[in-house]
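# What the coordinates show
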Number of protein chains: 2
Amino acid sequence: MSVKHALLSLLEQEPMYGYQLRQEFESRTGGTWPLNVGQVYTTLTRLERDGLVEAAGEDEDGHERWRLTESGHEEVATWFTTPVARTQPPRDELAIKLALAVTVPGVDVGTLIQRQRSASMTALQDYTRLKRQAGASGEASDLAWGLVLDSLVFAAEAEIRWLDHCEARLRRAATQEVPATAAAAAEQVTR
Amino acid sequence: MSVKHALLSLLEQEPMYGYQLRQEFESRTGGTWPLNVGQVYTTLTRLERDGLVEAAGEDEDGHERWRLTESGHEEVATWFTTPVARTQPPRDELAIKLALAVTVPGVDVGTLIQRQRSASMTALQDYTRLKRQAGASGEASDLAWGLVLDSLVFAAEAEIRWLDHCEARLRRAATQEVPATAAAAAEQVTR
DNA sequence: CGACACATGTAACACGTTACATGATTTG
DNA sequence: CAAATCATGTAACGTGTTACATGTGTCG
């Protein structure tokens, strides 16, 4: 869904051809989410099928460009004015993993948390390293990339805080409450 | 990927039948991520095809149960010992949206941010309301649900902080730097 | 009885990924 | 010239979603 709307937004600016769409997407997000070229073409086909884009003739170099239709413009407008729904949040693999690790007996939750924590710390360091490269040129795409990087940083920090919180919470569960599996899972954190 | 591993983890505890797997998954995650029953069956078929689960005969009530194979156990062990890779993070629709909103001319970024902010605040309030319901019973699944809820809370808080950060960053871009689109986008925040 | 939860499936579709095929153009 | 980048596509596959079909058991 993100790719579809991303392509439409880019075409809102001006008609573009397939390969160009990928370049624009990657430059504006700093290559954070690499976009397979093939997917651009298949998505464009589907968007044409759904009447959101249409062929707009060739440019000077003979590239087949695409432009938004009426519905396409509306779709973009709706996308930008409608907040991303957190009512049914996307599945978070880490949260699911931890929830199951806590309830399934025999899983070493303490080690799981520690491993994840150091992995997230590494990711965080990579982001801050990238941030130093991001600035300087002053282009609009760099502003965007900076914000994208910040979102990754904020998310990684939140993840680390949550992991610490989980560790503390499990430790508390181990000492206070003592029913069945919760205690068994929590024990492994206290070691 | 998450569903596949979630089902495998549940079967690590004991052999179960399809419908039961959905119930267990939803109770352990507090229904945060509703799981379509149909997907359980199709996933089980695929897992059998891949040699990770096998039929384990019927239980007392005539339900066809599934158990892990050797490879299945290994897969679960690997899942629990391998951190979730943040090296190539999943596409974040909000971050993509904002990155494009900033670089595509004519988008009212200020309003976008404010709308998203209030949507995220609402979600956050819903989570804290749910938290009050979550505690009390002291079962292991409630501990898990509590942690899942906390992860949503932490994520929502981080999102809100990031949105505020974006607003400030854009406001700064509007006053200091003055090149083309960045300024145009940032102007709308200052209004 | 009628509604609802339990229970098992299947079909069609949407989205995304990887890999492959093919050719033009650019650059060291 | 060789390699890399530009450029357009297609095929196969994995995962997930929705909707439908079908039947049993239970409870008000």
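Residues numbered from 1 in each chain as written. Chains lettered and ligands numbered in written order. Predicted model: local features only at pLDDT ≥ 70, side-chain atom pairs only at ≥ 80, totals over all residues. Heavy atoms only, no water.

## Quick word on the protein's contact with DNA strand D
Not every one of the 18 residues close to DNA strand D is listed here, only the nearest: Tyr19 and Tyr41 of chain A together with Met1, Asn36 and Gln39 of chain B. Arg91 of chain A is positioned such that a nitrogen or oxygen atom in its side chain is 3.3 Å from a phosphate oxygen of DNA strand D. Contributing elements (two or more residues each) for the surface near DNA strand D: α2 (18-28) and α3 (37-49) of chain A together with α1 (2-13) and α3 (37-49) of chain B. When residues in the surface near DNA strand D are grouped by element, the largest group, four residues, is from α3 of chain A. Each residue belonging to the surface near DNA strand D can be placed in one class, and the counts come to six nonpolar, eight polar and four charged. (Near = heavy atom within 4 Å. Polar contact = N/O pair within 3.5 Å; in protein donor to acceptor, adjacent residues only side chain to side chain. Helix = DSSP H or I, 4+ residues; strand = E, 2+ residues; numbered from the N terminus. Nonpolar A, V, L, I, M, F, W, Y, C, P; charged D, E, K, R; others polar.)

## A few points about the pattern of salt bridges
Inspection of every chain in the model, using the stated rule, returns 16 salt bridges over all chains. Between Arg86 of chain B and Asp92 of chain A there is a salt bridge; the shortest N-O distance is 3.9 Å. Note that Arg86 of chain B is positioned in the loop between α4 (70-81) and α5 (93-103) and Asp92 of chain A in the loop between α4 (70-81) and α5 (93-103), a pairing that runs across two chains. Put simply, Arg28 of chain B and Glu24 of chain B hold a salt bridge, and the shortest N to O gap is 2.8 Å. In this pair, Arg28 of chain B and Glu24 of chain B both sit in helix α2 (residues 18-28), four residues apart, roughly one turn of the helix. Through salt bridges with shared partners, a single network forms among Arg86 of chain A together with Asp92 and Glu159 of chain B. (Salt bridge = Lys/Arg side-chain N within 4 Å of Asp/Glu carboxyl O.)

## Looking at the side chain of His5 of chain B
Residue and element names in this part refer to chain B. With respect to the helices, strands and loops of the structure, His5 is situated in helix α1. At a separation of 2.9 Å, a polar atom in the side chain of His5 contacts the side chain of Glu75. Apart from the residues lying within four places of it in its own chain, the contact partners of His5 are Glu75 and Trp79. (Contact = heavy atoms within 4.5 Å.)

## Some points on the protein's contact with DNA strand C
Neighbouring residues of DNA strand C: 17 residues in total, closest Met1, Asn36 and Gln39 of chain A together with Tyr19 and Tyr41 of chain B. A share of 67% of the atoms of DNA strand C within 4 Å of the protein falls on sugar and phosphate groups. A distance of 3.2 Å is found between a phosphate oxygen of DNA strand C and a side-chain nitrogen or oxygen belonging to Tyr17 of chain B. Contacts to DNA strand C include Tyr19 of chain B, whose backbone N or O atom sits 2.9 Å from a phosphate oxygen. Listing elements by their share of the surface near DNA strand C, those giving two or more residues are α1 (2-13) and α3 of chain A together with α2 and α3 of chain B.

## What about α5 of chain A?
Residues and elements named next belong to chain A. Along α5, 10 of the 11 residues are buried, which leaves the element largely enclosed by surrounding structure. By the burial criterion, the buried members of α5 are Leu94, Ala95, Ile96, Lys97, Leu98, Ala99, Leu100, Ala101, Val102 and Thr103. Of the residues flanking the start of α5, the one acting as N-cap is Asp92, its side-chain oxygen 3.0 Å from the backbone nitrogen of Leu94. (Buried < 20%, exposed > 50% of the residue type's maximum accessible area, 1.4 Å probe, protein only.)

## Topic: the relation of the copies chain B and chain A
Rotating chain B by 180 degrees and moving it 0.0 Å along the rotation axis overlays it on chain A with an RMSD of 0.1 Å. As the rotation angle and translation indicate, the two copies are arranged about a two-fold axis. Interface residue correspondence from chain B to chain A reaches 100%, placing this contact among same-surface, isologous pairings. (Least-squares fit on C-alpha atoms with pLDDT ≥ 70 in both.)

## A word on the interface of chain B and chain A
With 69 residues of chain B at the contact, the number on the chain A side is 69 residues. Summed over both partners, the interface of chain B with chain A comes to about 6,400 Å²; 69% of that surface belongs to carbon and sulfur atoms. Summed over the shared surface of chain B and chain A, the result is four salt bridges. At the junction of chain B with chain A, the criterion picks out 26 residue pairs in polar contact (both at pLDDT 80 or more). Per-element tally for the side of chain B that touches chain A: the top contributor is helix α7 (residues 140-175) of chain B, with 19 residues. The residue makeup of the side of chain B that touches chain A, split by class, is 42 nonpolar, 15 polar and 12 charged. (Buried area = accessible area lost by both parts, 1.4 Å probe.)

## Some remarks on the UniProt feature "domain: Transcription regulator PadR N-terminal" (unreviewed entry) in chain A
The UniProt record marks residues 7-77 of chain A with the feature "domain: Transcription regulator PadR N-terminal" (unreviewed entry), using the residue numbering of this structure. Secondary structure content for residues 7-77 of chain A is 55% helix and 15% strand, while the C-alpha to C-alpha distance between its ends is 13 Å. (UniProt positions renumbered as here; feature names shortened; annotations may be inferred.)

## Brief notes about the domain arrangement of chain A
Frequently, the measure chosen for interface size is the accessible area that the parts lose on association. Residue and element names in this part refer to chain A. Each assigned domain of chain A is listed with its residue range as follows: domain 1 (2-81) and domain 2 (93-190). With six residues of domain 1 at the contact, the number on the domain 2 side is five residues. Carbon and sulfur atoms supply 69% of the area that domain 1 and domain 2 bury against each other, a total of about 420 Å² over both sides. Viewed at the interface, domain 2 and domain 1 are joined by zero residue pairs in polar contact (both at pLDDT 80 or more). Looking at the side of domain 1 that touches domain 2 residue by residue, the classes come out as one nonpolar, four polar and one charged. (Domains from an automatic or database assignment.)

## Quick look at the nonpolar core
Within soluble globular proteins, side chains that are nonpolar generally end up buried alongside one another. The biggest cluster of nonpolar side chains holds 54 residues, and the ones touching the most others in it are Leu21 and Phe80 of chain A together with Leu98 and Trp162 of chain B. Here this core takes 11 residues from helix α7 (residues 140-175) of chain A, the largest share from any one element. Formed by 45 residues, the second largest nonpolar core is a distinct cluster that contains Leu98 and Cys166 of chain A together with Leu10 and Phe25 of chain B. (Core = buried A, V, L, I, M, F, W, Y, C linked by side-chain atoms within 4.5 Å.)

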